[in-house]
Amino acid sequence: MGSATIIQTRNAEPIAGTARAASIAVEGMTCASCVARVEKAICAVPGVMSASVNLATERADIRFDAAANPADIVKAIENTGYGASEERIELAIDGMTCASCVARIEKALRVVPGTLEANVNLATEKAAVRVVKGLASVDMLVEAVRGAGYDAKPIADKRDIDQEAEKREREGRRLKLSLAIAALLTLPIFVLEMGSHFVPAIHDFVMIRIGMQESWYLQFVLASLTLFGPGLRFFQKGVPALLRAAPDMNSLVAIGAFAAWSYSVVATFAPGLLPVGTANVYYEAAAVIVTLILLGRFLEARAKGRTSEAIRHLMGLQPKTARVIRNDETVEIAIADVRAGDVVVVRPGEKIAVDGVVVEGSSYVDESMITGEPVPVQKTDGADVVGGTINKTGAFSFRATKVGADTVLAQIIRMVEQAQGAKLPIQSLVDRVTAWFVPAVMAIAFATFLVWLVFGPDPALTFALVNGVAVLIIACPCAMGLATPTSIMVGTGRAAEMGVLFRKGEALQTLRNAEIIAIDKTGTLTRGRPELTDLEAAAGFESNAVLALIASVEARSEHPIAEAIVSAARNAGLTIVEAEQFEAIPGFGTRANVSGHTVHIGADRLMAREGIDVTVFADHARRLGDEGKSPLYAAIDGKLAAIIAVADPIKETTPQAIRMLHQLGLKIAMVTGDNRRTAEAIARKLGIDEVVAEVLPDGKVAALMRLKAEGRNVAFVGDGINDAPALAAADVGLAIGTGTDVAIESADVVLMSGDLLGVPNAIALSKATIRNIKENLFWAFAYNVVLIPVAAGVLYPAYGVLLSPIFAAGAMALSSVFVVGNALRLKRFRGLSRESAAGR
């Protein structure tokens, strides 16, 4: 009997109205037909809106409304031959004073959906709650206690991913033991039977020393121990499924092995019941079938365990404890006890516990786990830090802003888990086929048996049995069921390690079909903040002296251009003094007195009004105009002092990313609210194919609609709040991770580094993942299409070739291992590095 475990229930996050979502771990599934059966059973429950079962993750993602009873969902899974796993949760209760407190808390806990039993102990101040795992989460139980007027916290809070890993490890150990026992029991059978056919010395030994009948008796004992010892798992799961008229892969193995074994038993102990010349034994086939399929299961379990390594790696990034200042003392507490607002102390080499803002000290922090960027980032007062990143050299303190499930790392893990559990459109064909696969194989096996029995050569019954069993054993719905989800798991996990988060698994498939990449300018192609890009001093003036005077004037202004000039002066270490008689001249610029000098800053029309000739900078002005920059002039004491320009500079990696997108055969369109002249200047510089300028946020959506109307698949890359509508409207939306939360929530893919190189990386990984899925599906389908007829004996009339059930079992076992192993190749995917991009 398998079991179903609800891993996560997102009751606090309504999907639509009163709808909720749950992620259920379903144990015992072995093939794609199990997936279809569980999905069908769950969807039949009243109130269930949708269900998606994933064989690789062994989970069912369910959406249901208020009319659905979660207990009915679990019961539906149980009716398919599985069961619901229970979980014991212990809570420490604070605030109890008497027995009435106990009764009140027990009552509050028992009304939480999914609670089976709740016992509260006044003396120990603990509550022991038995629940259907996941339906009643720790948070729900704690909230129920608080609603009754008390406080509670979990005594032990283990992550489900850790429990799953332990469970997989236990299953792996059981499989390894079963395989070892089966192999030890099978080897003598194989040597006695097959050795007698191919090695004369073994044949003579058996006939003279043991005797043929005695050899059969020995094989009977060993084969029976194999089938009903290590192989009992196939009967325990396969027979009940068969009785429910819902056969699965275990049913195929059980029928095939049992048919070979039972025929051999009749030939051994009641040969008279069989036609003359057909009393042969196939104990070696029955035993080897069990052993080889156990080998396949063991190898598959080991390979499947590696598909979730990315999640386990992310889980391991979070430290277990944090050093927090409490009551003017630094104390070390569990990470679960850190609260928003706590001041956390970080020493050199330590991991940062949670998200926060630096309040004291400075250091360099390795943020590669978030951004994929290996160069440490300097952190000083006011800088944001992310939990799980590693402090390198200095020590600092930061104020916690996000803890627990709100941290960036926790959100990344949730995104990856959700993406790994996704079902791509390409999977729909597989689902339709596998729903009928096992019954069809059984029908083919039965037809094979009848055809050989009626039309086959003597001994017809023997041929019919061997070929019928071979058909049952060669079929492998496992490979078909694992083909897509394993690739998704490995692909999305590898993407997360590279700083590319697929919030929606479907984006893996749709992104590869993108033909045009529409990109927002500000904050995506550019840095998103104005900077002083040009300052050319006139003859007789020194650049830094001019900049200091200009910055002193602009320090009185709140205009973004002024902020960029002041920032440049401060970065250069220049002294900014107090300006006097400051005056903003609308439409022209500004003027002020600084250290006894009269300073004018503005456009050429301001200089003309003051009678100052700017033709000396005519060539510079033309160049700046061609670059999409608006030139400004500075005059000191009535003399032209400098020409300056402030612009939003292009990110260093943007040209490299554009080149790579072009190399992928994609067209690039820039969609921006900036004026057309500036936009076209940037487009020329970067080699962008199309420009849509001077658009409002809804204009960006309209621009995307025009691009899509031409029949092209459009991906949009943006980072701001005004990009959210376009991100949602595009076929695939990619948000720069350094952008706003609104943009990220509207996107299908998040680029954590804020680096546009993540776009070609994401597209390349999407193409690699879908290619990997197609390879898996081709193998899985081709394997069955080609080998099932061979097992049925279609080659025998022309070539005299039959497929032994032993070879069928070996091929079937290896097919699943091949599919999972092929998916694991995605772990070696290497994205574009800065160096390789620069050299292209």
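How each quantity is defined
Residues numbered from 1 in each chain as written. Predicted model: local features only at pLDDT ≥ 70, side-chain atom pairs only at ≥ 80, totals over all residues. Heavy atoms only, no water. Phe/Tyr/Trp six-rings, centres within 6.5 Å; stacked < 30°, edge-to-face > 60°. Helix = DSSP H or I, 4+ residues; strand = E, 2+ residues; numbered from the N terminus. Buried < 20%, exposed > 50% of the residue type's maximum accessible area, 1.4 Å probe, protein only. Core = buried A, V, L, I, M, F, W, Y, C linked by side-chain atoms within 4.5 Å. Contact = heavy atoms within 4.5 Å. Pairing = 2+ DSSP bridges. Salt bridge = Lys/Arg side-chain N within 4 Å of Asp/Glu carboxyl O. Polar contact = N/O pair within 3.5 Å; in protein donor to acceptor, adjacent residues only side chain to side chain. UniProt positions renumbered as here; feature names shortened; annotations may be inferred. Axes fitted to C-alpha atoms, helices over the stretch in contact; angles between N-to-C directions. Parallel < 35°, antiparallel > 145°, perpendicular 65-115°, else oblique. Nonpolar A, V, L, I, M, F, W, Y, C, P; charged D, E, K, R; others polar. Patch = residues over 30% accessible without salt bridge, like charges linked within 9 Å, V, L, I, M, F, W, Y side chains within 5 Å. Areas by Shrake-Rupley, 256 points an atom, 1.4 Å probe, with all protein chains shown as cover.

Let us now look at the packing of aromatic side chains. Under the defined criterion, the tally for this structure stands at 14 aromatic pairs. Relative to phenylalanine 269, the ring of tyrosine 217 lies with its centre 5.6 Å away and its plane at 20 degrees, an arrangement referred to as stacked. On the criterion of sequence distance, the pair formed by tyrosine 217 in helix H7 (residues 212-227) and phenylalanine 269 in helix H9 (residues 249-269) is long-range, its members being 52 residues apart. A centroid spacing of 6.4 Å and a plane angle of 45 degrees characterise the contact between phenylalanine 396 and phenylalanine 398, whose relative ring orientation is tilted. Take phenylalanine 396 and phenylalanine 398: they sit in the same class, and that class is buried.

So, about the nonpolar core. Counting residues in hydrophobic clusters, the biggest one holds 138 residues, and the most contacted among them are Phe502 and Ile517. The biggest single contributor to this core is helix H28 (residues 758-792), with 14 residues. Excluding anything up to four places from it in sequence, isoleucine 517 contacts Leu661, Leu666, Lys667, Ile668, Ala669, Ala715, Val717, Val759 and Ile763. Counting 23 residues, the second-largest nonpolar core is a separate cluster that includes Val553, Val594, Ala641 and Ile644.

As summarised here, the arrangement of the 3 strands in space is S14-S13-S16, forming an open sheet in which the pairing is antiparallel. Both outer strands of the open sheet, strand S14 (377-379) and strand S16 (390-391), are each paired with one neighbouring strand and no more. Relative to S16, strand S13 (residues 363-366) is paired through 2 bridges, and the arrangement is antiparallel. Residue pairing in the sheet places aspartate 366 in a bridge with isoleucine 390 of S16.

The subject of this paragraph is the pattern of salt bridges. One pass over the full model with this rule turns up 14 salt bridges. Across the pair arginine 110 and glutamate 106 runs a salt bridge whose closest N-O atoms are separated by 3.6 Å. Placement of the pair is arginine 110 and glutamate 106 together in helix H3 (residues 99-110), with a separation of 4 residues, close to one helical turn. The class of arginine 110 is partly exposed, set by a relative accessible area of 45%. In this structure, arginine 825 engages glutamate 775 in a salt bridge whose closest nitrogen and oxygen atoms are separated by 2.9 Å. Placement of the pair is arginine 825 in the loop between helix H30 (805-824) and helix H31 (834-838) and glutamate 775 in helix H28, with a sequence separation of 50 residues. The class for arginine 825 is partly exposed, based on a relative accessible area of 38%. Connected via shared salt-bridge partners are Arg527, Glu531 and Glu652.

Another aspect to go through is the side chain of threonine 492. Its place among the elements puts threonine 492 in helix H16 (residues 477-497). The class for threonine 492 is buried, based on a relative accessible area of 3%. A distance of 2.6 Å separates a polar side-chain atom of threonine 492 from the backbone oxygen of isoleucine 488.

Glycine aside, residues mostly have negative phi angles, and peptide bonds mostly take the trans form. Residue proline 459 is bonded to the preceding aspartate 458 through a cis peptide linkage, with omega at -10 degrees. Here aspartate 328, not a glycine, exhibits a phi torsion of approximately 65 degrees, which is positive. By the secondary structure assignment, aspartate 328 is in the loop between strand S9 (321-326) and strand S10 (329-334). The class for aspartate 328 is exposed, based on a relative accessible area of 78%. Of note, serine 595 is a non-glycine position whose phi angle comes to about 50 degrees, a positive value.

Under the UniProt annotation, the feature "transmembrane region" (unreviewed entry) is placed at residues 177-196, 216-232, 252-274, 280-299, 433-455, 461-484, 777-796 and 802-824. End C-alpha atoms of residues 252-274 are separated by 24 Å, and the span's content is 78% helix alongside 0% strand.

Moving on to the packing of helix H23 (residues 654-663) against H28. Relative orientation of the contacting elements H23 and H28 amounts to 30 degrees, with a least axis distance of 8 Å. Comparing the axis directions of H23 and H28 gives the class roughly parallel. On the side of H23, the interface is formed by Ala657, Met660 and Leu661, while H28 contributes Val759, Pro760 and Ile763. Of the residues belonging to the contact of H23 with H28, the class tally is 6 nonpolar, no polar and no charged.

Counting buried positions over the 5 residues of strand S26 (residues 667-671) gives 4, a clear majority of the element. Pairing of strand S19 (residues 516-520) with S26 involves 5 bridges; the strand directions are parallel. The residue of S26 that forms the bridge with isoleucine 519 is methionine 670. Of the pairings in the sheet, the one linking S26 to strand S27 (residues 690-692) comprises 3 bridges and is parallel in character. Counterpart to valine 671 in the pairing with S27 is valine 692.

Moving on: the packing of helix H8 (residues 232-243) against H9. In the contact formed by H8 and H9, the axes pass within 7 Å of each other and the chain directions differ by 105 degrees. The orientation of H8 with respect to H9, classified from their angle, is roughly perpendicular. On H9, the residues touching Phe234, Phe235, Lys237, Gly238, Ala241 and Leu242 of H8 are Asn250, Ser251, Val253, Ala254, Ile255 and Phe258.

In this section: the environment of aspartate 151. When you line up the elements, aspartate 151 lands in strand S8 (residues 151-154). Taking the relative accessible area as the measure of exposure, aspartate 151 reaches 36% and is therefore partly exposed. Beyond its immediate sequence surroundings of up to four residues, aspartate 151 is in contact with Ala92, Ile93, Asp94, Val145 and Arg146. For aspartate 151, the side chain forms a polar contact with the side chain of arginine 146, separated by 3.1 Å.

So, on to a nonpolar patch on the surface. A cluster of nonpolar side chains, contributed by Phe446, Leu450, Val451, Leu453, Val454 and Phe455, occupies part of the molecular surface with about 620 Å² of accessible area. In this structure, valine 451 sits in helix H14 (residues 427-455).

Let us now look at the pairing of strand S11 (residues 343-346). A two-sided burial pattern is seen for S11, the buried positions comprising Val343 and Val345 on one face and Val344 and Val346 on the other. Sheet topology note: the S9/S11 ladder contains 2 bridges and is antiparallel. Following the sheet pairing, arginine 323 is matched in S11 by valine 345. Taken together, the 4 bridges between S11 and strand S17 (residues 396-402) define a ladder with antiparallel strand orientation. In the sheet register, valine 345 faces S17, and the bridge partner there is serine 397.

What follows concerns the sheet that holds S19. Read from one edge to the other, the open sheet built from 7 strands follows the order S18-S30-S29-S28-S19-S26-S27, with strand pairing classed as mixed. What marks the edges here is a single partner per strand, and that holds for strand S18 (500-502) and S27. Recorded for the sheet is a direction-independent mean angle of 20 degrees between the axes of neighbouring strands. Pairing between S18 and strand S30 (residues 749-751): 3 bridges, direction antiparallel. Across the sheet, leucine 501 pairs through a bridge with valine 750, a residue of S30.

Before going further, it helps to examine the environment of asparagine 822. Looking at where asparagine 822 falls in the secondary structure, it is placed in helix H30. The class for asparagine 822 is buried, based on a relative accessible area of 9%. As for asparagine 822 and serine 487, which are separated by 335 residues in sequence, their C-alpha atoms are 8.2 Å apart.

Among the secondary structure elements, alanine 286 is positioned in helix H10 (residues 283-307). Setting aside anything within four residues of it in sequence, one finds alanine 286 in contact with Leu227, Ala257, Ala260 and Trp261.

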